[in-house]
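Structural overview
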Amino acid sequence: MATYRLSHVTKQYRKGSRTVTAVRDLSVEITDGEWLAVQGRTGHGKSTLLHLLGGLDRPSSGTVELDGRDFGQIRDTELGRLRAGTIGFIFQTFNLVPTLPAADNVEAALIPLGVAGTERARRVAEALESVGLADRARHRPAELSGGQQQRVAIARALVKQPSVLLADEPTGNLDEETREEIVTLLEKLWRERGLTLVLVTHDSSVARRAQRVGVMSNGRLSIRQDTRRRT
Amino acid sequence: MFFFRYLRHELRARMRQAVVIALGLALGVGLVVTVIAASDGVSKAQSGVLKGLYGVGTDVTVTKPPPPFNPASGTRIQVGQNGGQVCNDGKCSSSAQTIDNLTSAEYGPIGYSSVASVARLHDVTAAAGGLTLTDNQITIPASLLSGGGAGGLPTPKSFTVTGVDFGHPDLGPLSNATLASGRELRSSDANADVAVVDADYAASNNLKTGSTITIAKTKFTVIGTVTQSAAASPPDVYIPLARAQALATSNGKTLKNDVNTLYVTAASAADVPAVQREVSHLLPSATVNTPSSLASQVTGSVSNTAHLADDLGRWLSVLVLIAAFAIAALLTIAAVSRRVREFGTLKALGWRSGRIMSQVLGESVAVGVLGAALGTALGFAGAAIIDAIAPKLSGTLTTSTGQHFESFGPSGSGSSSPTVAHTVSVPMSAVVSGGAITLAVVLAIVGGLLAGTAGSWQIARLRPADALARVA
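Below you will find a few notes about this structure. Just so it is clear, the structure is predicted and the values come from calculations on it, not from any experiment.

Thresholds applied
Residues numbered from 1 in each chain as written. Chains lettered and ligands numbered in written order. Predicted model: local features only at pLDDT ≥ 70, side-chain atom pairs only at ≥ 80, totals over all residues. Helix = DSSP H or I, 4+ residues; strand = E, 2+ residues; numbered from the N terminus. Buried ≥ 20, exposed ≤ 12 C-beta atoms within 10 Å, placed from the backbone. Contact = placed C-beta atoms within 7 Å. Pairing = 2+ DSSP bridges. Expected span 1.5 Å × (residues − 1). Arc of directions from axis to C-beta.

Turning our eyes to something else, we now look at the overall build of chain A. Within chain A one finds 7 helices and 10 strands. Out of the 231 residues belonging to chain A, those deemed buried represent 49%. Taking the contacts inside chain A whose residues are at least 6 apart along the sequence as the reference set, 71% of them involve residues at least 24 apart.

Here it is, written out as structure tokens:
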């Protein structure tokens, strides 16, 4: 179960002497198992929205709730635990630890959960298998292609079996062929695991595969497409 | 374990940076180890100087300051245009004579019973008494006293004599000696006019076993010669304590039943300050000398080097250490800044700040351990260089002979109080002790921890959204 409820969320931050409003009075509900794609121009609040959904940042006003838990009311450590167990992240630049092999990068996601060593090894192998990289477990990120690195990042996001997956331009650094592979993989995993998926993308062909497509403009979200069906 | 795997991968991948930080720490630590080794070496050289004077087993010596100079006592030679006279302990004469006095000019008398009292003190293992004396001999020709003398006073001959307590042969100056010829002093010699002579003194004065030597106008038979270590400045002649007590005077008074030096052994080096307190309490007017207090009386290059090692060396090593710590901290902060995305991602994965900080601290401590190893190696190298290039040091301890000479003549008047200077040449040897190595390890790890803490402080303040936004 993973249902987001955002009510009148505003996020402002200081940039030098200016106050920038990244998200403006945003209210939306993202239901359990839904795939929401968020589009919009650079600097219009897409990544900030994702950070708010992931508990990486707190709203200046309004509330962000996940299954009734208000992020504004819980402590940083509890928010950290929530991220560790419930929310998976995928980044445009993959954000793998450059010095660690693929398997260790995936394992890093299980460390805060206190999973025992043997169980960690089993789950890591399974996660890498699920993204087709079982034979690349000992390779460092620099020894992998962009697509393979993003697959490792997906394995890292999913190894803890989260109910929410937040993806920030996951295909932004990939060529067309690899982009298709990654989106197909994400769609497959979303479908198989019943994930609540929020995916930020510039690419309309990727966004069209989501159930709902919202567009961020000047910090406001407007829904453009709503199919609400599993493809 | 994931912690160590992560640590290993990080250090391996950032090997060059780790080595640079470790070398920085090693430089500071190595200098500290070298300075400590040099300082220990100088202390050892100083103790070598003192050992010759007070013996190997002695931790504390007890003396009393000499009584105020009494013009009526001692030797007084007055020479004028119309002749002169020699006054020896108040008795004056104008005839030619040879003066031979065995005196305790440097120290005042201490009752022999004090030896037993000191030996009973709580932290004292053993105590022995001794007499540290100077024999002064001068021959005054009749021509000088009749007013026809020219060229001033003849040069007096002085040599040092020690009265040896047979109760504790392992204490006092003779304890450090090695028999070169003849035999040693025994308890059966307590009242005999026999002497053991330092081999160097014997050689320069044509003395050998069976020869006689005059001390306080009494002939002593040389029964043996002894050598002391190269670092020692030994007495010239050793005689039984009872004979020394019978012949010696202090300010005109006999020293029968007195000693002027107590040689004391403490239960351990750590007990020396306690022994010093206890003896001071028992003998309030006594001067209680420890090796460190005696070291301050030594002059010469050994003393100059000690000051150099203590002052310049200490400050130089502190400055280099601070610089090394600062460089390590700055490099670690710079490294953490380059890893902001990594740490932001880990926070997004749910890692607590404390966990990430401990990872960075672990890396810094590992670099510190590497710095400790390199620093210790540099310390050994520094000590070896000092051993190879350092010149021999000399230490000089000057003591009074107790004589006072005055002259009045056509060329003016003058007076002199001859002194005896003991100059000892000692090799400078830098020794890297276990304590110095421990200090090196602790300093390097502390340096690593400080650097890691500086980096960790950044991580603690890092908000994951900011970290991720900075690289987006």
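Once that is clear, we can look at the pairing of strand E1 (residues 4-15) of chain A. Residues and elements named next belong to chain A. Sheet topology places E1 next to strand E2 (residues 18-30); 9 bridges connect them, and they run antiparallel. Bridge pairing links Tyr4 to Ile30 in E2. Note: E1 against strand E4 (residues 61-66), 5 bridges, orientation antiparallel. Looking at the pairing, Leu6 lines up with Val64 of E4.

All names here are of chain B. In terms of burial, strand E10 (residues 194-198) is a largely internal element, 5 of the 5 residues being buried. Note: E10 against strand E12 (residues 218-227), 5 bridges, orientation parallel. Bridge pairing in E12 places Val197 opposite Thr225. Relative to strand E13 (residues 237-240), E10 is paired through 2 bridges, and the arrangement is antiparallel. Bridge pairing links Val197 to Val237 in E13.

Here we come to helix H6 (residues 176-193) of chain A. All names here are of chain A. With 18 residues, H6 ought to run about 26 Å at 1.5 Å a step, and its terminal C-alpha atoms sit 26 Å apart, in line with that. Those residues of H6 that fall on the buried side of the exposure criterion are Arg179, Ile182, Val183, Leu186, Leu189 and Trp190. Across the axial projection of H6, the buried residues extend over an arc of 130°, all falling on one side. In H6, the exposed positions that point more than 90 degrees away from the buried face belong to Glu177, Thr184, Lys188 and Glu192. Along its buried surface, H6 packs onto strand E3 (35-40), helix H5 (146-158), strand E7 (164-168), strand E8 (196-200) and helix H7 (204-207). Downstream of H6 by one or two residues, Gly194 has phi in the positive range, about 65°.

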